[in-house]
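Here is what each chain is made of, one letter per residue.
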Amino acid sequence: MILDLKKLFVNEGSVLPIEYQMDMSEVDFSGEFPLSKPVKLSGSVSNRASVVELDITASYVFSANCHRCGAFCEHDHTVEIKRVLATRVESEENDSIIAVPDMKLDLDELVFGEVYMSLPTKHLCKEDCKGVCSKCGKDLNEGACSCPTKEIDPRLAKLAELLKN
C-alpha cells in the first residue's frame, strides 16, 4: 500500500487513519511459512505541530511446530511501529525518522521488514514445554517415559558387573 502524504504534510492537524490487512503467507522463515493468516494493521499518520508521525500496530498469528516437542501451535504477536516522516533527512543514523522525499510511503515494505524482524526464533507451544525423550521419543508434556534415567557407559559395563558381585 502506497500512502500519498502530500495533504498531510501541508495541513497541520490532519490525520490519515490506517486499517487494512497484509498477506504475508508466502514468506519463508527458516523453511516454514508461519504467517498463514493476514497481518492486521491499524493506526494512523498524523501531522501535529508540523511533525508528521506514523503510529501503527501490526498484529499477526505465528503458526508453526514447537521447537521442543513438535506439536503444532499458534501464538498472537504485535509489533508497534512508530516513526517520524520527513521530506529530507540530514543524517541517516536515526532509525526513527524515515525520509519520504516524494511524499509517498510504501507501507508494505516498512511493515514487512518490521514484522519479519519480530518473528520468534524459538517457537514453543508453552513456556515450560518439556520436549520429547531423546531415547524413545515420547512427548514429556503428556507424562514421564519408562526409559532409565541413569545409563551406564558401555565402556564401563564390565566394571558395573564386578560391583554387582
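Residues numbered from 1 in each chain as written. Predicted model: local features only at pLDDT ≥ 70, side-chain atom pairs only at ≥ 80, totals over all residues. Heavy atoms only, no water.

Any chance you could explain the overall build of the protein here in plain terms?
Within the protein one finds 3 helices and 7 strands. Sequence-ordered secondary structure for the protein, helices as α and strands as β, is β-α-β-β-β-β-β-β-α-α. For the protein, the C-alpha radius of gyration of 26 Å lies well beyond 15 Å, the compact-globule estimate for 165 residues. For the protein, buried positions account for 31% of its 165 residues. Considering only residue pairs separated by 6 or more positions, the protein has 54% of its internal contacts joining residues 24 or more positions apart. Looking at the protein as shown, the accessible area adds up to about 11,100 Å², and 51% of this sits on carbon and sulfur atoms. (Helix = DSSP H or I, 4+ residues; strand = E, 2+ residues; numbered from the N terminus. Rg over C-alpha atoms; globule rule 2.2 N^0.38 Å. Buried < 20%, exposed > 50% of the residue type's maximum accessible area, 1.4 Å probe, protein only. Contact = heavy atoms within 4.5 Å. Areas by Shrake-Rupley, 256 points an atom, 1.4 Å probe, with all protein chains shown as cover.)

I would appreciate a short explanation of the sheet that holds strand β4 (residues 51–65) in the present structure.
Strands in a sheet are paired, the pairing made by backbone hydrogen bonds, and the direction either parallel or antiparallel. Pairing in this open sheet of 5 strands is mixed, and the strands run β2-β3-β4-β5-β6 from one edge to the other. With partners counted over all chains shown, the strands left at the sheet margins are β2 (15–22) and β6 (97–99), one partner each. The average angle at which neighbouring strand axes cross in this sheet is 25 degrees, direction not considered. Sheet analysis places β4 next to strand β5 (residues 72–86), joined by 14 bridges and oriented antiparallel. Within the sheet, the bridge partner assigned to Val52 lies in β5 and is Leu85. (Pairing = 2+ DSSP bridges. Axes fitted to C-alpha atoms, helices over the stretch in contact; angles between N-to-C directions.)

When you look at the environment of Thr78 in this model, what are you seeing that I'm missing?
Looking at where Thr78 falls in the secondary structure, it is placed in strand β5. C-alpha separation for the pair Thr78 and Leu41, spaced 37 residues apart in sequence, amounts to 9.7 Å. In this structure, Thr78 is in contact with Thr57, Ala58 and Ser59, ignoring residues within four places of it in sequence.

Can you walk me through the packing of aromatic side chains in this structure?
For any pair of aromatic rings, the description rests on two quantities: the centre-to-centre distance and the angle between the ring planes. As enumerated under the stated definition, the model contains 3 aromatic pairs in all. Judged by centre distance (5.5 Å) and plane angle (85 degrees), the rings of Phe29 and Tyr116 are edge-to-face. Placement of Phe29 in the loop between β2 and β3 (39–48) and of Tyr116 in helix α2 (residues 107–118) is noted, with a sequence separation of 87 residues between them. The buried category is assigned to Phe29, whose relative accessible area is 13%. An aromatic cluster of at least three residues, connected via ring pairs, comprises Phe29, Phe62, Phe112 and Tyr116. (Phe/Tyr/Trp six-rings, centres within 6.5 Å; stacked < 30°, edge-to-face > 60°.)

Is there a simple way to think about the pattern of salt bridges in this case?
Think of it this way: side chains of opposite charge can pair up when their charged atoms draw near. Scanning the entire structure with this criterion turns up 4 salt bridges. One salt bridge in this structure joins Lys82 and Asp55, with 3.2 Å as the shortest N-O distance. With Lys82 in strand β5 and Asp55 in strand β4, the pair connects residues that are 27 residues apart, well separated along the chain. On the basis of relative accessible area, Asp55 is assigned to the partly exposed category, the value being 34%. (Salt bridge = Lys/Arg side-chain N within 4 Å of Asp/Glu carboxyl O.)

Spatial relationships are all this shows, so hold off on functional conclusions.
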